Amino acid sequence: MVTGGKQMDGFVLLFASIVEAEGIPASAIDVRSTTLPGYFRPEKDWDLVVVLEGRLIASVEFKSHVGSFGNNFNNRVEEALGNATDLNTAYREGAFLPSTKPWLGYMMLLEEHEKSTRPVRLRQPHFPVFSEFDNSSYQRRYELFCTRLVRERLYDAACLIVSPSERGADGEYKEPLEELAFSTFVSSLQGKLTEARRRLPSQ
């Protein structure tokens, strides 16, 4: 499952097929022309967007983290926070009229590796970090991060999948938290799609 490069393309296409199975026409599901306006920047390319009859229904970001855990964890956190803030603010300022609030999803595929599952030393030269980060691995930090993205209402749902590079291609993976499971992620979107179909003027 974790192979580097474009390993998330399969998830994007799988997710698109799930959306279509919910009765959304394929013409409304875009994995190519996915640019949306932002508020703090002119535009942003997402991985998948659903635009139904001129209404933004959903936008999803699919990310992976393979190796270089120390360097890339903070980058992934900052990127996800910025993207959510940008899109949600753009919605508030009327960028997607006549859309209701779009569903925003975040999926992370993390390589299961000794360096991602062992505790990481903290640097606290001036003030202590929050206690939940004590003795935390990068996997645990992603669990906290993804959970908080949803609980702080930056994203409507988040998914965290952990897979080893050497056996991932055989389908080996773990879902560390039920709250971040793929089924939970999909169920959340299905609720939004049902609402979107009901609100359509033609319905």
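Residues numbered from 1 in each chain as written. Predicted model: local features only at pLDDT ≥ 70, side-chain atom pairs only at ≥ 80, totals over all residues. Heavy atoms only, no water.

*Asks:* Would you take a moment to explain the overall build of the protein for this structure?
*Replies:* Per the secondary structure count, the protein includes 5 helices and 7 strands. When its helices and strands are written in sequence order, the protein yields α-β-β-β-β-β-α-β-α-α-β-α. In summary, the protein has a C-alpha radius of gyration of 18 Å against a globular reference of 17 Å for 203 residues, a match within 12%. In terms of its C-alpha atoms, the protein occupies a principal-axis envelope of roughly 55 × 45 × 25 Å. Across the 203 residues that make up the protein, the buried fraction comes to 44%. Taken as a whole, the protein presents about 10,900 Å² of accessible surface, with 48% of it coming from carbon and sulfur. With 24 positive and 28 negative side-chain charges, the protein shows a spacing of 4 Å between the two charge centroids. (Helix = DSSP H or I, 4+ residues; strand = E, 2+ residues; numbered from the N terminus. Rg over C-alpha atoms; globule rule 2.2 N^0.38 Å. Buried < 20%, exposed > 50% of the residue type's maximum accessible area, 1.4 Å probe, protein only. Areas by Shrake-Rupley, 256 points an atom, 1.4 Å probe, with all protein chains shown as cover. Lys, Arg positive; Asp, Glu negative; His and termini not counted. Charge placed at Lys NZ, Arg CZ, Asp CG, Glu CD.)

*Asks:* Just to check I follow, could you spell out the sheet that holds strand β7 (residues 157–163) for this structure?
*Replies:* Remark on secondary structure: sheet strands pair via backbone hydrogen bonds, oriented parallel or antiparallel. What the 5 strands build is an open sheet, ordered β1-β4-β5-β6-β7; its pairing is mixed. Strands with a single pairing partner mark the edges of an open sheet, and in this sheet they are β1 (29–30) and β7. Pairing analysis gives 2 bridges linking β1 to strand β4 (residues 48–52), with the strands arranged antiparallel. When the sheet's bridge partners are listed, Ile29 is paired in β4 with Val50. In the packing of helix α4 (residues 138–151) onto the sheet, contacts are made with β5 (55–65), β6 (103–111) and β7, and the angle to β7 comes to roughly 165 degrees. (Pairing = 2+ DSSP bridges. Contact = heavy atoms within 4.5 Å. Axes fitted to C-alpha atoms, helices over the stretch in contact; angles between N-to-C directions.)

*Asks:* How should the side chain of Asn83 be read in this particular structure?
*Replies:* For Asn83, the position within the fold is in helix α2 (residues 69–92). Assessed through its relative accessible area of 4%, Asn83 is described here as buried.

*Asks:* Before we go on, may I ask you to explain unusual backbone geometry in this structure?
*Replies:* With the exception of glycine, the majority of residues adopt a negative phi angle, and the majority of peptide bonds are in the trans configuration. Here Leu97 and Pro98 are connected by a cis peptide whose omega angle stands at 5 degrees. Mapped onto the elements of the fold, Pro98 is located in the loop between α2 and β6. The backbone of Glu53 shows a phi angle near 50 degrees, a positive value even though the residue is not glycine. Its place among the elements puts Glu53 in the loop between β4 and β5. Classification of Glu53 as partly exposed rests on a relative accessible area of 47%. You will see that Arg153, though not glycine, has its phi angle at about 65 degrees, which is positive. Tracing the chain through its elements places Arg153 in the loop between α4 and β7. On the basis of relative accessibility, which here comes to 70%, the residue Arg153 falls in the exposed class.

*Asks:* Whenever I open this one, the nonpolar core confuses me. Can you help?
*Replies:* Proteins that are soluble and globular tend to have nonpolar side chains buried together. Of all hydrophobic cores here, the largest spans 29 residues; its most connected members are Phe15, Leu48 and Phe62. Counting residues per element, the ones that place at least two in this core are α1 (9–21), β4, β5, β6, β7 and α5 (182–199). Look past the residues within four positions of Leu48 in its chain and what remains in contact with it is Val12, Phe15, Ala16, Ile29, Asp30, Val31, Thr34, Ala58, Ser59, Val60 and Phe62. Counting residues in each nonpolar core, the second largest holds 27 residues, with Ala80, Ala90, Val120 and Tyr138 among its members. (Core = buried A, V, L, I, M, F, W, Y, C linked by side-chain atoms within 4.5 Å.)

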